[in-house]
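# Structural characterization, general
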Amino acid sequence: DGLDLDWEPLPSTDFANLTALVDALRAAAPNLTLTMPVGWINSNFDDTPEPFWGAIAAKLDQFNVMTYDMIWDRDGWQSWHESALTGESGTTPSSVASSVDFYRRSGVRRNKLGIGIPFYGACWRGVTAPRASGGTIASSDNAMSYRNIVEGYYQPSLRVWDTDAQVPYLSSIAPLGAQQCNFVTYDDPQSIAAKGAFVRAHGLGGTIVWTVAQGYLPSQPAGQRDPLVQAIKAAF
C-alpha cells in the first residue's frame, strides 16, 4: 500500500532531505500511503515544540510514535516501565501521554498521530519495582517477548498493577527466569485496554506494534494464541 519512512536517527540537518523525499514520493505516486515512526520524548529535555513535526506530518498519512524502550538505567533515571501510559516524573521522564502532548504541541494533527505498543518487555535486576534507584536493565526486545514472559516469568502472585503508569509488572526478590529478573515490565490486555481508551479519548489515529510475532502463544488453544492482538482489536 505504500512506504514507511523509518529515518533513524533524524538530526535537524536532515529535515530538508526528508521533506524533499516525501515531496518526491508524493509527486511520483500520489496514492501511496506514507507513514513515519518517530521517537518518544524525554520530558526533561524535549519540552519546546518543534514545528517541523507538524509540517512533515501534514504530508504523511500516519505519524506514529515508537512508545517503547522508554527506559534507561543511567544519568539519574530510576527504574521505569517499558511503555508507561502516564506517570512520568523527573527521574522517570517518559510516558505515552507526555510524548503525545509534545507532538500535538508541535502541530501534528490528532487523527494522524499514533502510539506504539510493545509485544515485549524488559528485565531489570537489582530492583523489584518502578521508581527505584540502582537497578540495571538486563534485556528487552526478543529475549523478553510476551511469549517468553508468559512461559518463563509470569506468576499470578507476582503481578502488580501500577495505577499511575497504567501498566503491569512482575516483582520478585528471588531472580526470575532465564534472565534472572527482579522487576519485569511489559504490556498485557489490561494495559492495552488503557492505551486504547487513551487514544479514543484524545481522538488519535491508532497504534503500531513491535512486533506482532512476539505476542504469539503457540502452546495455547486455538483462538487464544494471540491475546495481545485480540486486546488491540477490542480496545481500538
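Look above for the structure.
My aim in this report is to walk through the structure given alongside it, one point at a time. (Residues numbered from 1 in each chain as written. Predicted model: local features only at pLDDT ≥ 70, side-chain atom pairs only at ≥ 80, totals over all residues. Heavy atoms only, no water.)

Let us now look at the nonpolar core. Within the largest apolar cluster, 30 residues are counted, with the highest numbers of intra-cluster contacts made by L18, W53, I56, L60, F63, Y103 and L113. Of all elements in the fold, only α1 (15–28), β2 (33–39), α2 (51–57), β3 (62–66), α3 (96–105), β4 (113–118) and α5 (189–201) reach the threshold of two or more residues within this core. Per-element tally for this core: the top contributor is α3, with 5 residues. In this structure I56 touches L18, T19, V22 and F63, once residues within four positions along its chain are discounted. The next biggest cluster of nonpolar side chains, apart from the first, holds 19 residues, and it includes I117, Y146, L176 and I192. (Core = buried A, V, L, I, M, F, W, Y, C linked by side-chain atoms within 4.5 Å. Buried < 20%, exposed > 50% of the residue type's maximum accessible area, 1.4 Å probe, protein only. Helix = DSSP H or I, 4+ residues; strand = E, 2+ residues; numbered from the N terminus. Contact = heavy atoms within 4.5 Å.)

To continue, consider the state of the cysteines. Scanning the entire structure with this criterion turns up 1 disulfide. With its sulfur 2.1 Å from that of its partner, C123 forms a disulfide with C181. On the sign convention where negative means left-handed, the S-S torsion of about -120° between C123 and C181 marks this disulfide as left-handed. Of this pair, C123 sits in strand β5 (residues 122–125) while C181 is found in strand β9 (residues 181–185), placing the two residues 58 residues apart along the sequence. Each member of the pair, C123 as well as C181, carries the same accessibility label: buried. (Disulfide = S-S within 2.5 Å.)

Okay, the pattern of salt bridges next. Enumeration over the complete set of coordinates arrives at 9 salt bridges. Residues R159 and D188 are paired through a salt bridge, measuring 2.8 Å at the closest nitrogen-oxygen approach. Residue R159 is located in strand β7 (residues 159–162), and its partner D188 is located in the loop between β9 and α5; the two are separated by 29 residues in the primary sequence. Residue R159 is classed as partly exposed on the basis of its relative accessible area of 25%. (Salt bridge = Lys/Arg side-chain N within 4 Å of Asp/Glu carboxyl O.)

Of note, the amide linkage connecting E8 to P9 takes the cis form, showing an omega dihedral of -5°. Locating P9 in the fold gives a position in the loop between β1 (2–4) and α1. In the segment running from W210 into T211, the intervening peptide bond is cis, with an omega of -20°. Inspection of the secondary structure assignment puts T211 in the loop between β10 (206–210) and α6 (227–235).

On to the sheet that holds β1. Spatial ordering of the open sheet is given by β1-β2-β3-β4-β10, a layout of 5 strands whose pairing is parallel. Looking at strand neighbours, the two that pair on one side only are β1 and β10, the edges of this open sheet. Averaged over all adjacent pairs, the angle separating strand axes in this sheet is 25°, with direction ignored. Relative to β2, β1 is paired through 3 bridges, and the arrangement is parallel. Its bridge partner being in β2, G2 is matched across the sheet by T33. Lying on the sheet, α5 is in contact with β4 and β10; it crosses β4 at an angle near 175°. (Pairing = 2+ DSSP bridges. Axes fitted to C-alpha atoms, helices over the stretch in contact; angles between N-to-C directions.)

Among the residues of α6, L228, A231, I232 and A235 are the ones counted as buried. The arc that holds the buried residues of α6, viewed along the axis, is 100°, so those residues lie on one side. In this structure, α6 carries K233 and A234 as exposed residues pointing more than 90 degrees from its buried face. The inward-facing, buried residues of α6 abut β4, α4 (146–152), α5 and β10. (Arc of directions from axis to C-beta.)

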